[in-house]
Amino acid sequence: MLSLKKFVLLSGAILMCVQATHAQEPAIYRETFSQAAGAANTNFEFDGWSGYWSPTAQNEAAGNAAGTWNNFGAGSSLGRPSGGNFTNVNAGPEVGNTNGFAFSSGFNSVSNNFIVYTTQFSINQTIYNIGSISFYSGNTSNAFPNGMPGYRIAIQMDGNWYASDQLLVQNNNVLNAGAFAASGQQLVLNWAGSIWDSLTFVPGTSLVLGGAVGTLPSDPVTAFGLYSDPAVNTNGVGGIQTRRWDSFEIDGTAIPEPSSVALVVMGLGTLVGLRRSRKA
């Protein structure tokens, strides 16, 4: 028979495992920018995102007379990661999860800054501990290794926008869309201790990176995405041909509810009491 001592230890372990399982949620949010294979390029709104470019924050479709988003939007080539069960989490509906990634190409990509973001999920930091924010980058640099563009994580809190002071830059050259699935690199910002810059973003009016503001408060994150500075020219050569990114993900853990913690403590206390009664 199972001894009281072993019963107490086993029961306590089970209770703790139940609590730990409840708390672990590696992906708070993930967007795979999925599309059906062979579909035409589309705008970011197809995936529940928005995009603006230039210091005057022009909408992604501005200046595109054809209206097909060939220079700034989402395509249907094979993404990164490709296949498997890498699905959306707290994001919009999918059209499969293998094909599709976001991109910016052409002259406007080289000479302008841009922001892409979503408001489709709000992260309450009293419910979630944010661990990291990551995505896969597959940029092409005409003058590699010089001029490779970097990204900053962009977030909104209390109606104000911020961009990470840390610049996230891949260290290889992904020559074309077909190479992204195999060669795209995951870039990661660790949330704890990260430093942030102010970001002035008013659609149709202004998109300007400001100075450092330090760490951020534990307020709800109401929007998030990527900000990219204008590309760097090297000796008069345009530094960038195309920027590509995919699988934007926010990882973290759910903060245990006080009632759940109390239940575990009570359960363990009861088991210890039974053990002592048995000895008496």
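Nothing here was measured: the structure is a model prediction, and the numbers come from that model.

### Points about the overall build of the chain
Phase 1: On a plain count of helices and strands, the chain comes out with 4 helices and 15 strands.
Phase 2: Every one of the 280 residues in the chain was classed for burial, and the buried ones make up 47%.
Phase 3: In the chain, once contacts between residues fewer than 6 apart in sequence are set aside, the share between residues at least 24 apart is 78%.
Phase 4: If you sum the accessible surface of the chain, you get close to 13,000 Å²; carbon and sulfur atoms cover 56% of it.

### What to know about the pattern of salt bridges
Phase 1: Inspection of every chain in the model, using the stated rule, returns 3 salt bridges.
Phase 2: Residue R30 is joined to E249 by a salt bridge in which the shortest nitrogen-to-oxygen separation is 2.6 Å. Of the two residues, R30 sits in strand β1 (residues 24–31) while E249 sits in strand β15 (residues 240–254), which places them 219 residues apart along the sequence.
Phase 3: Put simply, D229 and R152 hold a salt bridge, and the shortest N to O gap is 3.1 Å.

### Remarks on the pairing of strand β9 (residues 151–157)
Phase 1: The buried fraction of β9 is high, at 7 of 7 residues.
Phase 2: Alternating residues of β9 divide into Y151, I153, I155 and M157 and R152, A154 and Q156, and every residue in both groups is buried.
Phase 3: In this sheet, strand β14 (residues 223–228) lies alongside β9 in antiparallel orientation, the contact comprising 6 bridges. Residue pairing across strands places R152 opposite Y227, the latter belonging to β14.
Phase 4: The sheet contact formed by β9 and strand β10 (residues 160–164) spans 4 bridges and is antiparallel. Note that in β10 the partner of A154 across the bridge is A163.
Phase 5: With antiparallel pairing between neighbouring strands as the criterion, β9 and β10 make up a hairpin whose turn holds 2 residues, including D158 at a positive phi of roughly 50 degrees.

### Notes on the sheet that holds strand β12 (residues 196–202)
Phase 1: Taken in spatial order, the 8 strands make up an open sheet running β3-β2-β6-β14-β9-β10-β12-β13, and their pairing is antiparallel. The sheet is open, and its two edges are formed by β3 (58–59) and β13 (206–214), each paired on a single side.

### Digging into the side chain of S50
Phase 1: Here S50 is to be found in strand β2 (residues 50–53).
Phase 2: A polar side-chain atom of S50 sits 3.4 Å from a polar atom in the side chain of E45.
Phase 3: Every residue in contact with S50, bar those within four places of it in the chain, is listed here: F44, E45, E60, I115, V116 and Y117.

### Details of the confidence of the model for the chain
Phase 1: Looking at the chain, the pLDDT average stands at 81 and 73% of residues meet or exceed 70.
Phase 2: The model gives residues 4–24 a pLDDT under 50, and that stretch makes 26 contacts with residues more than four places away or in other chains.
Phase 3: Within the model, the stretch residues 259–268 combines pLDDT values under 50 with 10 contacts to residues more than four positions away or in other chains.

What counts as what
- The numbers attached to residues start from 1 for each chain and follow its sequence in the written order.
- Owing to the predicted nature of the model, reporting of local features is limited to residues with pLDDT of at least 70; listing and counting of side-chain atom pairs is limited to 80 or more, with chain, interface and lining totals taken over all residues.
- Note that water and hydrogens are dropped before the side-chain values are worked out from all heavy atoms of the structure.
- Helix and strand assignments come from DSSP, with helices taken as H or I runs of at least 4 residues and strands as E runs of at least 2, each series counted from the N terminus.
- We call a residue buried when its accessible area falls under 20% of the maximum for its residue type, exposed when it is over 50%, and partly exposed in between, using a 1.4 Å probe and counting protein chains only.
- We call two residues in contact whenever any of their non-hydrogen atoms come within 4.5 Å of each other.
- Under the convention used here, a 1.4 Å probe and the Shrake-Rupley method define accessible areas, while residue burial counts only the protein chains that appear.
- What counts as a salt bridge is simple: a side-chain nitrogen of Lys or Arg found within 4 Å of a carboxyl oxygen of Asp or Glu.
- At least two bridges found by DSSP between two strands are what make those strands a pair.
- Two N or O atoms count as a polar contact when they lie within 3.5 Å, although within protein this holds only if one can serve as hydrogen donor and the other as acceptor, and sequence-adjacent residues are included solely when both atoms are side-chain atoms.
- pLDDT: the predictor's confidence for each residue, scored from 0 to 100.

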